[in-house]
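Single-letter residue listing:
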Amino acid sequence: MAMVDVQGVRKLYRRDSQEITVLDGIDLQVPEGEFVALMGPSGSGKTTLLNLIAGIDRPTSGQVIVAGTDVAQLSESALAGWRSRSIGFIFQFYNLIPVLSATENVELPLLLTSLAKKERRERALTALKVVGLADRAGHYPRQLSGGQEQRVAIARAIVADPKVLVADEPTGDLDSKSAEEILGLMETLNRDFKKTIVMVTHDPRAAQRAHTQKHLDKGVLKA
Amino acid sequence: MKFLPFILKHLRRNWVRTGSTVVAMAVCIFLFCTLQTVLREINAQLESANAARLVTRHAVSLVFDLPLAYGARIQAVPGVKSVANATWFGGSLPTKKEGKAEGGDSTTTDWSKFFPNMAVDAEPYFAMYPEFQVPPDQFRDFLGDLQGCAIGRKLADKYDWKIGDRFFLESFIPPYRKASGPFEFVVRAIFDTDTGKYPGTDTNVMFFQYKYLYEATGRTLNAGTYTVEIDDPGQAGAVSKAIDMLFENSDGQTHTETEQAFRAGFIAMAGNLALLLNSIGLAVSFTILLVTANTMSMAVRERRTEIAVLKTLGFSSGRVMGLILTEALFLGVLGGGFGVLGSQALMSVIMNSPAQAMLAGVGLSSLGIKPAVGLLGMAVALFLGLAAGLVPALNAYRSRITDMLRTV
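Worth saying up front: this structure is predicted, and the values here are computed from it rather than measured.

Asker: Got a minute to help me understand the overall build of chain A in this structure?
Answerer: Across its full length, chain A carries 7 helices and 10 strands. By the burial criterion, 51% of the 223 residues in chain A qualify as buried. The contacts in chain A between residues at least 6 apart in sequence include a share of 71% that link residues at least 24 apart.

What follows is the structure, encoded as structure tokens:
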């Protein structure tokens, strides 16, 4: 069974009296442990598809089944709980909380669990070790470079040990060297930690690091 | 509890904004508690007035006195049980003037040592006031000594006066001064009160015999007011009217009212003090609510992306709303706490300053925040915090993650 199973998904947006079709009958299966890159021009619906897989948006019709759960069937609060357990989200602009240190940022998803403070802190430090930033644990986002911030964001995405990682242009705001490091880290997470990764990117070089590349154009998935 | 450090870090994020919001809230609660304390003290004073007692004064003003002959005529009015002359002496403890030439006025009035003191027809007056509990032997001594005085427990404690102690008082009212110097008094009685039975009764007060004042000033004085006890409190209006009609065609027309109305008029000569104070409190509270609501809205608006991130990480909308409301409540607790403490500090300063004497003159001899007022102040602060945080918290609750992530 696929880790991500998107079946006949349509997504429409209504702007005033106009209806805009963003995704039009998408079918996508991502097996467990796969690393998929979603590519396509701006406005093709890549981010919308990623949001549906991550459970932060709902399809107009069709089914989105991730890790065996039909996302569209969950209530708002159940969906939030499911996200915290099953999805790790990596943003283009890192989106770290500026008033929290690297450790505290990574610890955030664990606040939703019943773990004790000590255990939360230990797990956050372990995640920072995995991304190679244990020595920056007490640093605040403003004290880190872009690449380091993104690595902290990746640590935050993996700290709750989710099955699926979704990344929205994770190298889009980085220089080439930092981008290489981030992509290498994602490969490691996929290879060594068996994470299923769905990544949206404009960058063909980033896409080449994935096992599979999928192209979207005007809301339709190309072969 | 585990979210508390997260909330505190956000409050420290922009400490100038947080600090000014807390100060605004504190000013509001400070005013609220101070005004409420004064109002409650005034109300306690008014409530301690007995419905069976009336006060007859000159119709024009308290400044004018009434003939001594009026006492017997009032006593004859049907429904009147007893009458007592009660004249506001306005005395305070004198202090020596430094370097004053001999033969001149060697003293001056020390207003920082002012307390209410009255010349009364002692026997009928104390019979009308069961709230003043005087030991019978002391009362006898008081009546038997023209210079004797009866003082309340609070006043005795304030100056550490005991039975037999002597002190001098000099009035600020010219007719009540004598050429030979201040009036000398001997403490002959110290009275208490049952605060459970007579709440609001002030014992920071002194009484002496009107006869002493009358004799010492050359037997030319009249009465300041008459306190009248009536048989039936339900007839207060009719008896008051009957007394005033008695003197309708005389030079000294009278105005008779219940003791409560008299005290209210005395305390609030400038109008409806309670309404004024409450209006000020309400206006300030509403303004602070707007300021705090605006601040909270700005703080939440700045964090739209962060709220989206929290929701993406799995924080439910309800939990995000709870975090914002807790943040607002925290501002309320801080502001309320500082406001209550500030108000209590002000009361302490006033009670230890010369201004205390002025307040004692209108019966407000002890001001301090009662637990109920402090709790009410904190409740108002929490309500303001909650009300200010509600709209931004609801907006955060309703906002969709995808919409917030699009906002830069």
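Let's pick the thread back up.
Asker: Got a minute to help me understand the pairing of strand β1 (residues 4–15) of chain A in this structure?
Answerer: Side-chain positions along a regular strand alternate between the two faces of the sheet. All names here are of chain A. Across 10 bridges, the pairing between β1 and strand β2 (residues 18–30) is antiparallel. Counted as the bridge partner of leucine 12 is threonine 21 from β2. Hairpin connection, β1 to β2: the antiparallel pair is bridged by 2 residues, and aspartate 16 has positive phi, about 55°. Bridge analysis of β1 against strand β4 (residues 61–66) gives 5 bridges, and the strand direction is antiparallel. Opposite arginine 10, over in β4, you have serine 61 as the bridge partner.

Asker: Whenever I open this one, the sheet that holds strand β10 (residues 220–222) of chain A confuses me. Can you help?
Answerer: Pairing between the strands of a sheet is mediated by backbone hydrogen bonds and can be parallel or antiparallel. Residues and elements named next belong to chain A. As summarised here, the arrangement of the 6 strands in space is β6-β7-β8-β3-β9-β10, forming an open sheet in which the pairing is mixed. Strands at the two margins of the open sheet, each flanked by one partner only, are β6 (87–90) and β10. For this sheet the average axis-to-axis angle between neighbouring strands, irrespective of direction, equals 20°. Pairing analysis gives 4 bridges linking β6 to strand β7 (residues 164–168), with the strands arranged parallel. The residue of β7 that forms the bridge with isoleucine 87 is valine 164.

Asker: Looking at this structure, how should I read the sheet that holds β4(A)?
Answerer: All names here are of chain A. One open sheet accounts for 4 strands, arranged β2-β1-β4-β5; its pairing is antiparallel. Of all the strands in the sheet, just β2 and β5 (69–70) have a single pairing partner and so form its edges. Of the strand pairs in this sheet, β4 and β5 are connected by 2 bridges, and their pairing is antiparallel. Directly across from isoleucine 65, in β5, lies its bridge partner aspartate 70. Contacting β1, β2 and β4, helix α1 (residues 46–54) crosses the sheet at an angle of about 120° to β1.

Asker: Looking at this structure, I do not really get the environment of Gly152(B). What am I missing?
Answerer: Residue and element names in this part refer to chain B. Examined against the element boundaries, glycine 152 turns out to sit in strand β6 (residues 148–152). A tally of 23 C-beta atoms within 10 Å means that glycine 152 is categorised as buried. Linking glycine 152 and aspartate 202, residues 50 residues apart in sequence, is a C-alpha distance of 7.9 Å. Filtering out sequence-adjacent residues up to four positions away, glycine 152 remains in contact with Phe191, Thr203, Asn204 and Val205.

Asker: Help me understand the interface of chain A and chain B, please; the structure alone is not making it clear to me.
Answerer: It is common to give the size of an interface as the accessible area that goes away when the parts come together. At the interface, 19 residues of chain A touch 18 residues of chain B. When residues in the side of chain A that touches chain B are grouped by element, the largest group, 6 residues, is from helix α2 (residues 76–86) of chain A. Considered class by class, the residues forming the side of chain A that touches chain B number 10 nonpolar, 5 polar and 4 charged.

Asker: It is not clear to me how the nonpolar core should be interpreted in this structure. Could you clarify?
Answerer: In this structure, Leu38(A), Ile53(A), Ala155(A), Val166(A), Val198(A), Met25(B) and Ile29(B) are the most contacted members of the largest nonpolar core, which totals 111 residues. At 11 residues, the largest contribution of residues to this core is made by helix α2 (residues 15–47) of chain B. With residues up to four places along the chain from it excluded, the contact list for Ile53(A) reads Val4(A), Val6(A), Val64(A), Val66(A), Val166(A) and Val198(A). One finds Phe115(B), Ala119(B), Ala122(B) and Met206(B) within the second-largest nonpolar core, a separate group that totals 49 residues.

Asker: Please explain the environment of His202(A) as it appears in this structure.
Answerer: All names here are of chain A. Tracing the sequence through the fold places histidine 202 in the loop between β8 (196–200) and α7 (204–208). Taking the number of C-beta atoms within 10 Å as the measure of exposure, histidine 202 has 14 and is therefore partly exposed. With 160 residues separating them along the chain, histidine 202 and serine 42 place their C-alpha atoms 8.6 Å apart.

Asker: How should I be thinking about the confidence of the model for chain B in this particular structure?
Answerer: Any region with low pLDDT has predicted coordinates that should not be read closely. Residues and elements named next belong to chain B. Per-residue pLDDT for chain B has a mean of 86; in total, 90% of the residues score no lower than 70. Here strand β4 (residues 107–114) is the element of chain B with the lowest mean pLDDT, 65, and strand β9 (residues 206–209) is the one with the highest, 96. Taken together, the stretch residues 97–106 has pLDDT below 50 and engages in 5 contacts with residues farther than four places along the chain or on a different chain. Both scores are given for the predicted complex: the pTM is 0.69, the ipTM 0.93.

Procedures and definitions
Residues numbered from 1 in each chain as written. Chains lettered and ligands numbered in written order. Predicted model: local features only at pLDDT ≥ 70, side-chain atom pairs only at ≥ 80, totals over all residues. Helix = DSSP H or I, 4+ residues; strand = E, 2+ residues; numbered from the N terminus. Buried ≥ 20, exposed ≤ 12 C-beta atoms within 10 Å, placed from the backbone. Contact = placed C-beta atoms within 7 Å. Pairing = 2+ DSSP bridges. Axes fitted to C-alpha atoms, helices over the stretch in contact; angles between N-to-C directions. Nonpolar A, V, L, I, M, F, W, Y, C, P; charged D, E, K, R; others polar. Core = buried A, V, L, I, M, F, W, Y, C linked by C-beta atoms within 7 Å. pLDDT = per-residue confidence, 0-100.

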